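Understanding the architecture of this molecule
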Amino acid sequence: MYVKTLTLKGFKSFASATTLRLEPGITCIVGPNGSGKSNVVDALAWVMGEQGAKSLRGGKMEDVIFAGTSGRAPLGRAEVALTIDNTDGALPIDYTEVTISRTMFRSGGSEYAINGTPCRLLDVQELLSDSGIGREMHVIVGQGQLDTVLRSTPEERRGFIEEAAGVLKHRKRKERALRKLETMEGNLTRVSDLVSEIRRQLGPLGRQAETARRAAFIQADVRDARLRLLADDLAQLTATLEQEAADESALIAQRTKVESALAEQLEQVRELDEASRAASPELLRANERYVRLQSIRDRLESTASVAAERVRLLSQDDEHETTSGRDPEELRQQAAAAREQEKQLLAEVATAEADLSAAVTARAEAEEALAAESKRIAALARAAADRREGLAKLSGQVAARTSRIEAGEAEIGRLTEVHEASLARAGEAEKQFAALEANVAHDEQDEVGLDSTYESAAAELEEAEARVRELQEQERAAEREKTALTARLEALQMSLRRKDGAAALLDAAQHGVSGLVAEVLQIEAGAEHAVSAALGWAAEAVTADSFDSAAGALERLRSDDAGRAGMLVAGGVAHTDRSSWPALDGSARWARDLVTAPPGLEAALDNLLDRVAIVPETTHALALV
């Protein structure tokens, strides 16, 4: 095994690609100072994995990249390739030639490759350590290192000897193995913690899985029931829709018949209107004829009356006729002609009257027929409007039912999708539960006593919770007692601070005045505030033995100008009848039952707390009103 070629490109002073071809044996590189002899040695150390910039005679690793000159721009990367002849198989790799390359970029990234295949720095170090070479094997002795070897301590010389003997690579492997073992121990500790935690949770998880499975079955039953209900609703809606469709068809047929009848009636009305319009000229002519004949009749009547008068005069006895200078025969002829003309006129009048009567009758009949037909047409129009309104309502109902059916179908589709998704989730849950059961069965061998430990812990937890509840109840009782004592203390402090008439009477020890009402009453614990609010002014009043004592106390207040005072007189009123009071539920109590008073004040207290109830919530008070 020997170094066959060394290729440098962009490494320090080698800006262009430079290849050094070496032969077996000793190779010397000779040149003046600054020609790059040390850079070749640095390239060998760098390509074999050197990570220290100071070992490469630089301040930072990026200094190995060609920095440029006045005539050439700097490069962006440095690359060195080392080719080793492996004909003897010194390197543990199935190649006769091994090329190790390293590329460094100005961004700080570094790449390694073995025979063109990207690899890690550790792979390069492992490959070279088996052959006795590498960046830590001291195969490269730089400037000043010989003096370091000669001046080394026994421990350092032992390191050099171990390196030469090939022990160093095994030590490095041992250190890596120990680090891996430490990491594995930490992982095993975490795994043990996780296993113990999972074992502790297996029991509750199993019960939760069983509960989830039962809940899935119940949900499936609920979904099935809901789907059946929806199917029933859909069937009912479908039947209703079919019935509505049949009714709509019948109504449409009836509407068609009514419209056809209405069209016929309208046609008849149109014909009658046309006949009426056609008869209107004839009616006008008949009216004109009637007027003309009426005038002729009037003239004929006047002529007839004149002729009758003349006939009467002519029919008298010829003896009495006087000669008027006219021929009587001529007068008789005129009279006969007048009678004949009268007959003709009467005949014409009769004919005209007959025609007029017929025309009037025909007109009356036509008007009656027109009125009747108008009424019938109006009735048909109203019926048609009612039918149209009914059809509109039915159309609205059909549209509403159709929308409901569409909504039901959409809901059924959604529920079907939910059902399918639930079935999929149930299948996944079954698989997870089966896996949990398998894990539980596998881990049950290592869970001896775990269930009993869990049960004992659960029992201890229940006892602790019971103890906590007991202590909480004691705390609430103490809080109530504290509230009662605080209210009592406030009442006493108010009585001590009193500077009104009640305080003056108590300070003067007025005869018949025994004390404050709040001091002589005994109130049940917890109800002090409520009873005090119910008593109102009487809570700060004083008690008097009789009306005389009360009058004397008032007189003393007036004379001393000591202010005002409320008084509760013993025996002043009669007891109230509680038989008419309504019954209360368990959450409410009468305020009178919470107070104990001296015998003389019981009647007055009954009147003060008449029908006053103490309730825990506002809703109870509203229920009693």
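In case you missed it, the structure is sitting above this.
Presented here is a report on the structure given in the accompanying data block. (Residues numbered from 1 in each chain as written. Predicted model: local features only at pLDDT ≥ 70, side-chain atom pairs only at ≥ 80, totals over all residues. Heavy atoms only, no water.)

Okay, the overall build of the protein chain next. Scanning the protein chain from N- to C-terminus turns up 13 helices and 13 strands. Expressed as a percentage of the 625 residues in the protein chain, the buried residues total 22%. Counting contacts in the protein chain only where the partners sit at least 6 residues apart, residues at least 24 apart contribute 66% of the total. For the protein chain, the exposed surface amounts to about 41600 Å²; the carbon and sulfur share of it is 55%. (Helix = DSSP H or I, 4+ residues; strand = E, 2+ residues; numbered from the N terminus. Buried < 20%, exposed > 50% of the residue type's maximum accessible area, 1.4 Å probe, protein only. Contact = heavy atoms within 4.5 Å. Areas by Shrake-Rupley, 256 points an atom, 1.4 Å probe, with all protein chains shown as cover.)

In this section: the pairing of strand β1 (residues 2-9). The pairing of β1 with strand β3 (residues 77-85) spans seven bridges and is classified as antiparallel. Opposite Thr 7, over in β3, you have Ala 81 as the bridge partner. Alignment of β1 against strand β2 (residues 18-21), held across four bridges, turns out to be antiparallel. Its bridge partner being in β2, Leu 6 is matched across the sheet by Leu 20. (Pairing = 2+ DSSP bridges.)

The next point concerns the nonpolar core. Counting 27 residues, the largest nonpolar core has Phe 11, Trp 46, Val 64, Val 80 and Ile 100 as the members making the most contacts within it. Looking at this core, the elements with two or more residues in it are β1, α1 (37-47), β3, β4 (97-105), β5 (110-114) and α2 (121-129). It is α1 that provides the largest number of residues to this core, a total of five residues. Discounting residues that sit within four places of it in the chain, Trp 46 has contacts with Phe 11, Leu 56, Met 61, Val 64, Ala 78, Glu 79, Val 80, Arg 102, Thr 103 and Met 104. Ranked by size, the runner-up nonpolar core spans 16 residues in total, among them Leu 521, Val 531, Val 595 and Leu 601. (Core = buried A, V, L, I, M, F, W, Y, C linked by side-chain atoms within 4.5 Å.)

Attention now goes to the environment of Asp 88. Structurally, Asp 88 can be placed in the loop between β3 and β4. It is 6.2 Å that separates the C-alpha atoms of Asp 88 and Met 1, two residues lying 87 residues apart in sequence. For Asp 88, the side chain forms a polar contact with the main-chain nitrogen of Ala 90, separated by 3.3 Å. (Polar contact = N/O pair within 3.5 Å; in protein donor to acceptor, adjacent residues only side chain to side chain.)

Secondary-structure assignment places Lys 12 in the loop between β1 and β2. For Lys 12, the side chain forms a polar contact with the side chain of Asp 42, separated by 2.8 Å. Residues in contact with Lys 12, not counting those within four places in the same chain, are Asn 39, Asp 42, Leu 56, Arg 57, Val 64, Ile 65 and Phe 66.

To continue, consider α1. All of the buried residues along α1 are Asn 39, Val 40, Asp 42, Ala 43, Ala 45, Trp 46 and Val 47. Packing partners of the buried residues in α1 comprise β1, β2, β3, β4 and α2. Positive backbone phi, approximately 110°, marks Gly 49, located one or two places after α1.

One non-glycine residue, Arg 57, adopts positive backbone phi at about 60°. The residue Arg 57 is located in the loop between α1 and β3 in this model. At Asn 115, a position not held by glycine, the phi torsion is positive, near 55°. Turning to its location among the elements, Asn 115 is positioned in the loop between β5 and β6 (117-119).

A few words now on the sheet that holds β4. Backbone-to-backbone hydrogen bonds join strands into a sheet, with any given pair of strands oriented parallel or antiparallel. Spatial ordering of the open sheet is given by β2-β1-β3-β4-β5-β6, a layout of six strands whose pairing is antiparallel. Because the sheet does not close on itself, it has two edges, and the strands there are β2 and β6. Here the strands of the sheet are splayed against their neighbours by 20° on average, with no regard to which way each runs. Across the face of the sheet, α1 comes into contact with β1, β2, β3 and β4 while running at roughly 80° to β3. Along the sheet, α2 makes contact with β3, β4, β5 and β6, crossing β5 at roughly 45°. (Axes fitted to C-alpha atoms, helices over the stretch in contact; angles between N-to-C directions.)

A cluster of acidic side chains, namely Glu 460, Glu 462, Glu 463 and Glu 465, defines a negative patch on the protein surface. Checked against the element boundaries, Glu 463 lands in helix α7 (residues 450-496). Residue Glu 463 is classed as exposed on the basis of its relative accessible area of 57%. (Patch = residues over 30% accessible without salt bridge, like charges linked within 9 Å, V, L, I, M, F, W, Y side chains within 5 Å. Salt bridge = Lys/Arg side-chain N within 4 Å of Asp/Glu carboxyl O. Lys, Arg positive; Asp, Glu negative; His and termini not counted. Charge placed at Lys NZ, Arg CZ, Asp CG, Glu CD.)

This next bit is on empty space enclosed by the protein. Under the counting rule described, the total for this entry stands at two cavities of 30 Å³ or more. If you add up the space inside the largest cavity, you get close to 50 Å³. Along the walls of the largest cavity sit Leu 300, Thr 303, Ala 304, Ala 338, Gln 341, Glu 342 and Leu 345, which together make up its complete lining. With four residues, the top contributor of residues to the lining of the largest cavity is helix α6 (residues 328-443). (1 Å grid on protein atoms, 1.4 Å probe; cavity = no way out; pocket = protein on both sides within 12 Å on 5 of 7 lines; lining within 4 Å. Points joined across faces, edges and corners; volume = space filled by probe spheres on them.)

It is worth spelling out the pattern of salt bridges at this point. A complete count under the given rule lists 13 salt bridges for this structure. With a shortest N-O distance of 3.7 Å, Glu 210 and Arg 214 are connected by a salt bridge. Of this pair, Glu 210 and Arg 214 both sit in helix α5 (residues 167-314), four residues apart, which is roughly one turn of that helix. Here the residues in one salt-bridge network are Lys 12, Asp 42 and Arg 57, joined through shared partners.

Turning next to the environment of Ala 544. Following the sequence through the fold, Ala 544 ends up in strand β9 (residues 542-544). The class of Ala 544 is buried, set by a relative accessible area of 2%. A C-alpha to C-alpha distance of 9.3 Å links Ala 544 and Leu 601, two positions 57 residues apart in sequence.

With that settled, the discussion passes to the side chain of Thr 83. Structurally, Thr 83 can be placed in strand β3. For Thr 83, the side chain forms a polar contact with the side chain of Thr 99, separated by 3.3 Å. Each residue touching Thr 83, except ones within four places of it in the same chain, is listed here: Tyr 2, Val 3, Lys 4, Thr 5, Glu 97, Val 98 and Thr 99.

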